[in-house]
Amino acid sequence: APGMHRALSEPFAGQHIQKRYEAVVDGLPQAGDWREIDAPIAADWPRRPLRVVDPVHGKPSLTRWRVKAPLPACAATHLELAPLGGRTHQLRAHLAHIGLPILGDALYGGEEVSSRSPRLLLHATRLALVHPFTGEQLCFESPAPFAGIAIRSTTDSRS
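Quick look at the structure, then. Quick caveat, the model's predicted, so the values are computed rather than measured.

### Some remarks on the pairing of strand 8 (residues 137–141)
- Note that strand 7 (residues 122–130) and strand 8 share five bridges and pair antiparallel. Within strand 8, the position partnered with Val130 by the bridge is Gln137.
- Linking strand 7 to strand 8, which pair antiparallel, is a turn of six residues; within it Gly135 sits at a positive phi near 80°.

### Description of the sheet that holds strand 7
- One open sheet holds the six strands; their spatial order is 2-5-6-1-7-8, and the pairing between them is antiparallel. Looking at the sheet topology across the chains shown, the edges are occupied by strand 2 (35–38) and strand 8. Mean inter-strand twist for the sheet, computed between neighbouring axes without regard to direction, equals 25°.
- Contacting strand 1 (18–26), strand 2, strand 5 (62–71), strand 6 (76–84) and strand 7, helix 2 (residues 90–97) runs over the sheet at an angle of about 125° to strand 6.

### Looking at unusual backbone geometry
- Geometrically, the link from Arg48 to Pro49 is a cis peptide bond, its omega value of 15° lying close to zero.
- A positive phi angle is found at Ala75, which is not glycine, with a value near 50°.
- Turning to its location among the elements, Ala75 is positioned in the loop between strand 5 and strand 6.

### Re helix 2
- Taken across its eight residues, helix 2 has six buried, putting it largely inside the fold.
- Along helix 2, the positions that sit buried rather than exposed are Gln90, Leu91, Arg92, Ala93, His94 and Leu95.
- In the segment just after helix 2, Gly99 is the residue with positive phi, at about 85°.

### Quick word on the side chain of Ser153
- Residue placement: Ser153 occurs in the loop between strand 8 and helix 4 (154–157).
- On the basis of relative accessible area, Ser153 is assigned to the buried category, the value being 12%.

### Considering the pattern of salt bridges
- By the definition in use, this model includes seven salt bridges.
- We note a salt bridge from Asp26 to Arg116, for which the minimum N-O separation is 2.4 Å. One end of the pair, Asp26, is in strand 1; the other, Arg116, is in the loop between helix 3 (110–114) and strand 7, and 90 residues separate them in sequence. Exposure class is identical for Asp26 and Arg116. Each is buried.
- A salt bridge links Arg126 to Glu141; the nearest nitrogen and oxygen atoms lie 3.1 Å apart. In this pair, Arg126 is assigned in strand 7 and Glu141 in strand 8, connecting sequence segments 15 residues apart.

Rules of the game
Residues numbered from 1 in each chain as written. Predicted model: local features only at pLDDT ≥ 70, side-chain atom pairs only at ≥ 80, totals over all residues. Heavy atoms only, no water. Pairing = 2+ DSSP bridges. Helix = DSSP H or I, 4+ residues; strand = E, 2+ residues; numbered from the N terminus. Axes fitted to C-alpha atoms, helices over the stretch in contact; angles between N-to-C directions. Contact = heavy atoms within 4.5 Å. Buried < 20%, exposed > 50% of the residue type's maximum accessible area, 1.4 Å probe, protein only. Salt bridge = Lys/Arg side-chain N within 4 Å of Asp/Glu carboxyl O.

So, in structure tokens, the structure goes:
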């Protein structure tokens, strides 16, 4: 198993694996084409396991995102995300950095955002890679299970 772990870790580190995620975030950003968050991420040592955007000590981190569906009734937005690289908590830290914390995120969203969903509304929907030993193209997909989750509006969560 250590050989397989190493063989799979290298493509992740080298950005040779295509990853897609979906998230529901606080706020209503304008819909449009793919946008990028290019912000280096570092460990927040005094508050581990948190990560922070740190232009001096952070490692390069790039996340592409776009609006999948606005959810105006609950002041939220369903996003599609494509991280390039894979830093710990990259999506959560990047979205919080631009003012779009993920609903249900107790680490990066604060109490109000955390209380708006019974769980973190982040889900890996697609992973595509070449098998490190056979060379076979593999693709795994899993639809986001957000339908039916009760998302509270900002006014509901304060009561």
